[in-house]
Amino acid sequence: GMNELLVLEQIHLFVEALDGYFNSVCELDLVFSLHKSLMILFEMFIGGMLCESNKREVLKSIVEAEELVEEMTKPGEDTAAQLDDGLSYQEQFQLGRKPGRRGHAAGAGSGGGPR
């Protein structure tokens, strides 16, 4: 079977990474910044396997990704929507976003008509 102590250790490592990012994480951080929490989770685990256990490296990668998104984002554009590109439809729905709607909003002023 699965090593339960190892699973608890991995959960603890994830919570420590969240704590490092949010500076004393609480439930509201997870509710209102779910996409950030998922970014941290996806940076640490791939296919259910722990791939990066160094919290500093995980947080460094997240900060680099956020800086890259901010560089590429036009003024007035929603950076959280940019980060949603890597999320599944279910995850976007859980964040309260409507999957596929960004393309409609971006193309509205281009005269391209309905899709």
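Higher on the page you've got the structure.
This section reports on the structure supplied with the text. (Residues numbered from 1 in each chain as written. Predicted model: local features only at pLDDT ≥ 70, side-chain atom pairs only at ≥ 80, totals over all residues. Heavy atoms only, no water.)

## What about a nonpolar patch on the surface?
Here is step 1 of the chain: A surface patch of nonpolar side chains, amounting to about 400 Å² of accessible area, comprises Leu5, Leu8, Ile11 and Val15.
Here is step 2 of the chain: Counting through the fold element by element, Val15 comes out in helix H1 (residues 4–22).
Here is step 3 of the chain: Residue Val15 is classed as partly exposed on the basis of its relative accessible area of 40%. (Patch = residues over 30% accessible without salt bridge, like charges linked within 9 Å, V, L, I, M, F, W, Y side chains within 5 Å. Areas by Shrake-Rupley, 256 points an atom, 1.4 Å probe, with all protein chains shown as cover. Salt bridge = Lys/Arg side-chain N within 4 Å of Asp/Glu carboxyl O. Helix = DSSP H or I, 4+ residues; strand = E, 2+ residues; numbered from the N terminus. Buried < 20%, exposed > 50% of the residue type's maximum accessible area, 1.4 Å probe, protein only.)

## A short note on the environment of Phe45
Here is step 1 of the chain: Inspection of the secondary structure assignment puts Phe45 in strand S1 (residues 45–46).
Here is step 2 of the chain: Once the C-alpha coordinates of Phe45 and Gln10 are considered, the two residues, 35 residues apart in sequence, prove to be 9.5 Å apart.
Here is step 3 of the chain: Beyond its immediate chain neighbours, meaning those up to four positions away, Phe45 contacts Gln10, Leu50 and Cys51. (Contact = heavy atoms within 4.5 Å.)

## Points about the packing of helix H3 (residues 34–44) against helix H4 (residues 55–72)
Here is step 1 of the chain: Running from N to C, H3 and H4 point in directions that differ by 125°, and their axes come no closer than 10 Å. Relative to H4, H3 is oriented oblique. Crossing angle aside, the handedness with which H3 passes H4 is right-handed. Packed against H3, whose contacting residues are Lys36, Met39, Ile40, Glu43 and Met44, the element H4 presents Val58, Ser61, Ile62, Ala65 and Glu66 at the interface.
Here is step 2 of the chain: Split by residue class, the contact of H3 with H4 holds six nonpolar, one polar and three charged. (Axes fitted to C-alpha atoms, helices over the stretch in contact; angles between N-to-C directions. Parallel < 35°, antiparallel > 145°, perpendicular 65-115°, else oblique. Left-handed = near helix turned anticlockwise from the far one by under 90°. Nonpolar A, V, L, I, M, F, W, Y, C, P; charged D, E, K, R; others polar.)

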